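An overview of the molecular structure
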Amino acid sequence: MTKSTMVKAHSGDMSEHDLPRNNPCAQCGTPIPRPDWIEPSEGRVSYLWTCHACNYRFEAIAIFDEAALEHPPLAA
């Protein structure tokens, strides 16, 4: 499985244009085009990033405001 396939397989309902892009490497600051892995869970999304310039790997977590979780969108 390629990295781009893993992103698509584990991004849940996130579309390709909703993915974070060009996150700077936490070690050297080089922009990373897209995360290698995305793991959504209740109230947060975890992202695994790998910098190809310095081979540093790190995780970033987006935590959502509780108010946004209280009234999730209804399915049509």
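Structure: above.
Throughout this document, residue positions are counted from 1 along each chain, in the order its sequence is written. Residue-level local features of this predicted model are given only where pLDDT is at least 70; pairs of side-chain atoms are given and counted only at 80 or more, and the full residue set underlies all totals for whole chains, interfaces and linings. Side-chain measures here rest on the full set of heavy atoms in the structure, leaving out hydrogens and waters.

Turning our eyes to something else, we now look at the pairing of strand E5 (residues 57–63). Pairing between two strands requires that DSSP report at least two bridges joining them. Numbering of helices and strands runs from the N terminus, with a helix taken as a DSSP run of H or I at least four residues long and a strand as a DSSP run of E at least two residues long. By the bridge criterion, seven bridges tie strand E4 (residues 44–50) to E5 in an arrangement that is antiparallel. For Tyr 47, the partnering residue across the bridge sits in E5 and is Ala 60. Counting the residues in the hairpin turn of E4 and E5 gives six residues, including Asn 55, whose phi is positive at 65°.

Along the chain, the position of Thr 50 falls in strand E4. Distance and chemistry together define a polar contact, namely a pair of N or O atoms within 3.5 Å, with one atom able to donate a hydrogen and the other to accept it when in protein, and with adjacent residues in sequence counting only for side-chain atoms on both sides. A distance of 2.4 Å separates the side chain of Thr 50 from the side chain of Asp 36, its partner in a polar contact. Looking at Thr 50, its side chain comes within polar contact range of the side chain of Arg 57, at 3.3 Å. It only takes one pair of heavy atoms within 4.5 Å for two residues to be counted as in contact. Leave out the neighbours within four places in its chain, and Thr 50 touches Ile 32, Asp 36, Tyr 56 and Arg 57.

A few words now on the environment of Pro 40. Counting through the fold element by element, Pro 40 comes out in strand E3 (residues 37–41). Given a relative accessible area of 44%, Pro 40 falls into the partly exposed group. Considering only alpha carbons, one finds Pro 40 and Ile 61, 21 residues apart in sequence, at a separation of 9.6 Å. Burial status follows relative accessibility: with a 1.4 Å probe on protein chains alone, a residue under 20% of its type maximum counts as buried, one over 50% as exposed, and anything between as partly exposed.

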